[in-house]
Amino acid sequence: MKRALISVYDKKGIIEFAKKLSHMGWEIISTGGTSRILSDSGLKVTDVSDVTGFPECFNGRVKTLHPKIHGGILALRDDENHLKTMKELDIKPIDMVVNNLYPFKETILKTESTHENIIENIDIGGPSMLRAAAKNYKFVTVIVDPKDYNTIIDELENKGEVSYKTREYLAAKVFQHTSNYDALISHYFNEKTNIKFPDTITLTFEKKQDLRYGENPHQEAAFYTEELETTGTLSEAVKLHGKELSYNNIGDGNGALEILKEFTLPTVVAVKHANPCGVGSGKNIAEAFKKAYESDKQSIFGGIIAANDEIDVDTAKMIKDIFIEVVIAPSYSESALEILEAKKNIRLLRLPHINYNKYSTYDMKKILGGVLLQDRNQGKMYEDLKIVTQRKPSDEELKDLLFAWKVVKNTKSNAIVLAKNQGTVAVGPGQVSRIWALENAIKQGEESVRGSVMASDAFFPFSDCIEAAAKAGITAVIQPGGSVRDKDSIDMADKYKIAMLFTGMRHFKH
Ligand SMILES: NC(=O)c1ncn([C@@H]2O[C@H](COP(=O)(O)O)[C@@H](O)[C@H]2O)c1NC=O
């Protein structure tokens, strides 16, 4: 007679599954609570304590941790010595383990959970059984995911056994599951003991979807989300209309969100190839959109738009007239949605907590042979502002400087952002030389550059950028300062009556 050990925290579907096994002649062995619900449903169940000859003890901390259980799972059925030992020790084989674990993740996510409660939800016996059964998958079937119950019953009913291939697949699932479970426990302890960069790190993510392809069509790709913190991120977004998001949509959408989180006024961010091509703030979203659009009417084509307030009809009408791949917003008015849904190729995402911004997870970058981890750049924006020139910025200039500083912080380095009237005039991203970034921005901004202000993500190594800015009609500058030649830049600014602020904090982004 085949024997299945069933010990599950999540009891969904377990009665039906156990009944089918039992009808096929399997003996069911089970632990406390699982055993009770199976017996109550009329099934004949052997209690695990009858197998071990030992009571479940220490409030369930020890139930299945016994050689009669682990020997029955782990013994090699094709090894003479193992078979002999089984006989000598009166250990009978266990052919199937059905187990899922105490809800550790759910417990740490509950704000009311105490440390004691969290500790009790670290399952010990379960992972031991799962790992044992997965190790011995050559002989043992192991099921950790209730979604697999039907497949296993089908195989047993139609083929009389669970195939080697399926057992191997189920074992792989177990090790994914237990490593994820342990990673969450390790994360909890690292946080509790303030270990930010441990000697080894196992980060865990959950697959949200397979993607059609990666950055390019010849690259395969999938989207994984954080396990614990997805509020206000694309992982939380609900698609209201359009095709699946692509790899690049997700990357660019995230870029747009990161910029948007800097703003409280109604703001629209347009992103193309991971850089902002237009950002605008206004008294409403329609005005903000207009400013973002007018910053660069060309690059926004095929781009992504994120807004921090409802998309209304006026905004929807403007979006409709251009080709936008994705719109992200906390809500859409009914009529706005109707207008936009008429466009087949647009994706509309609703992201309710768009302004949420308290993430504790790392910022990470994969490199060949490793990964770079750092804090998210939530560095202070203005506290150390210092006016370093003879002329002070006007109130209007100051507002625009701070606006541009938020945008440049989130633009790929070397970055220059020109702004006027709470909207970008031009963005010069990702150049290997700072003056090229400025020259690109001046060229792109055309006549609007005159009277705009300039933000630079890092200091100016020479005074040439200030001179070029002055000649283009830029009136004020914000930059971190800190170059050995700061004085040259300050003197140049004074020469052209430019007002300049130092922030004392660099914002490189790569
Ligand atoms: N300690 C043990 O020997 C042990 N054996 C199984 N468990 C867990 O107990 C749970 C099932 O318990 P019950 O059948 O009493 O509802 C399962 O999540 C299982 O993983 C155990 N509990 C935790 O460590």
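Cut-offs applied
- Residues numbered from 1 in each chain as written.
- Predicted model: local features only at pLDDT ≥ 70, side-chain atom pairs only at ≥ 80, totals over all residues.
- Helix = DSSP H or I, 4+ residues; strand = E, 2+ residues; numbered from the N terminus.
- Rg over C-alpha atoms; globule rule 2.2 N^0.38 Å.
- Contact = placed C-beta atoms within 7 Å.
- Near = placed C-beta within 6 Å.
- Nonpolar A, V, L, I, M, F, W, Y, C, P; charged D, E, K, R; others polar.
- Buried ≥ 20, exposed ≤ 12 C-beta atoms within 10 Å, placed from the backbone.
- Arc of directions from axis to C-beta.
- Axes fitted to C-alpha atoms, helices over the stretch in contact; angles between N-to-C directions.
- Parallel < 35°, antiparallel > 145°, perpendicular 65-115°, else oblique.
- Pairing = 2+ DSSP bridges.
- Core = buried A, V, L, I, M, F, W, Y, C linked by C-beta atoms within 7 Å.
- Domains from an automatic or database assignment.
- UniProt positions renumbered as here; feature names shortened; annotations may be inferred.

1. Thoughts on the overall build of the protein chain
Counting its secondary structure elements, the protein chain contains 18 helices and 21 strands. Computed over its C-alpha atoms, the radius of gyration of the protein chain comes to 30 Å, more than 25% above the 24 Å expected for a compact globule of 510 residues. Projected onto its principal axes, the C-alpha coordinates of the protein chain cover approximately 95 × 55 × 45 Å. Considering only residue pairs separated by 6 or more positions, the protein chain has 53% of its internal contacts joining residues 24 or more positions apart.

2. Focus: the site of the ligand
The full set close to the ligand counts 21 residues, and Gly32, Gly33, Thr34, Gly125 and Gly126 are the nearest of them. Those elements that place two or more of their residues in the shell around the ligand are strand 1 (3-8), helix 2 (32-40), strand 4 (96-100) and helix 8 (125-135). Tallying contributions element by element places helix 2 first for the shell around the ligand, with three residues. Taken together, the residues of the shell around the ligand break down into seven nonpolar, 11 polar and three charged.

3. Some details on helix 2
Residues Thr34, Ser35 and Leu38 constitute the buried set of helix 2. Around the axis of helix 2, the buried residues are gathered within 100° of arc, so they sit on the same side. Packing partners of the buried residues in helix 2 comprise strand 1, helix 1 (14-23), strand 2 (27-30) and strand 3 (45-47). With its phi angle positive at about 100°, Gly42 sits one or two positions after the end of helix 2.

4. Looking at the packing of helix 13 (residues 313-320) against helix 14 (residues 334-341)
At a minimum axis distance of 8 Å, the contact between helix 13 and helix 14 shows a crossing angle of 10°. Between helix 13 and helix 14, the angle is such that the two are roughly parallel. Contacts from Val313, Thr315, Ala316, Lys317, Ile319 and Lys320 in helix 13 reach Ser335, Ala336, Ile339 and Leu340 in helix 14. Tallied by class, the residues present in the contact of helix 13 with helix 14 amount to six nonpolar, two polar and two charged.

5. Focus: the sheet that holds strand 2
The five strands lie next to each other as 3-2-1-4-5, forming an open sheet whose pairing is parallel. The open sheet has two edge strands with one neighbour each: strand 3 and strand 5 (141-143). Strand-to-strand twist across the sheet, computed as the mean angle between neighbouring axes with direction ignored, equals 20°. In this fold helix 1 packs onto strand 1 and strand 2, with an angle of close to 175° to the strand it touches most, strand 1.

6. Overview of the nonpolar core
Of all hydrophobic cores here, the largest spans 78 residues; its most connected members are Val269, Val327, Ile328, Ala404, Val417, Leu418 and Val477. Top element by residues in this core is helix 15 (residues 395-409). It accounts for seven residues. A domain split of this core shows at least three residues from each of domain 2 (246-356) and domain 3 (386-502). Dropping the residues within four chain positions of it, Val477 is found in contact with Val453, Met454, Ile466, Ala469, Ala493, Ile498 and Met500. Formed by 34 residues, the second largest nonpolar core is a distinct cluster that contains Ile6, Ile29, Val144 and Val162.

7. Focus: helix 5 (residues 80-89)
Across the 10 residues of helix 5, zero count as buried, placing the element largely on the outside. Positive phi appears at Asp90, one or two residues downstream of helix 5, with a value of about 55°.

8. Considering the UniProt feature "domain: MGS-like" (unreviewed entry) in the protein chain
Taking the numbering used here, the UniProt-annotated feature "domain: MGS-like" (unreviewed entry) corresponds to residues 1-144. The span residues 1-144 shows a helical share of 45% and a strand share of 15%, and its end C-alpha atoms are spaced 23 Å apart.

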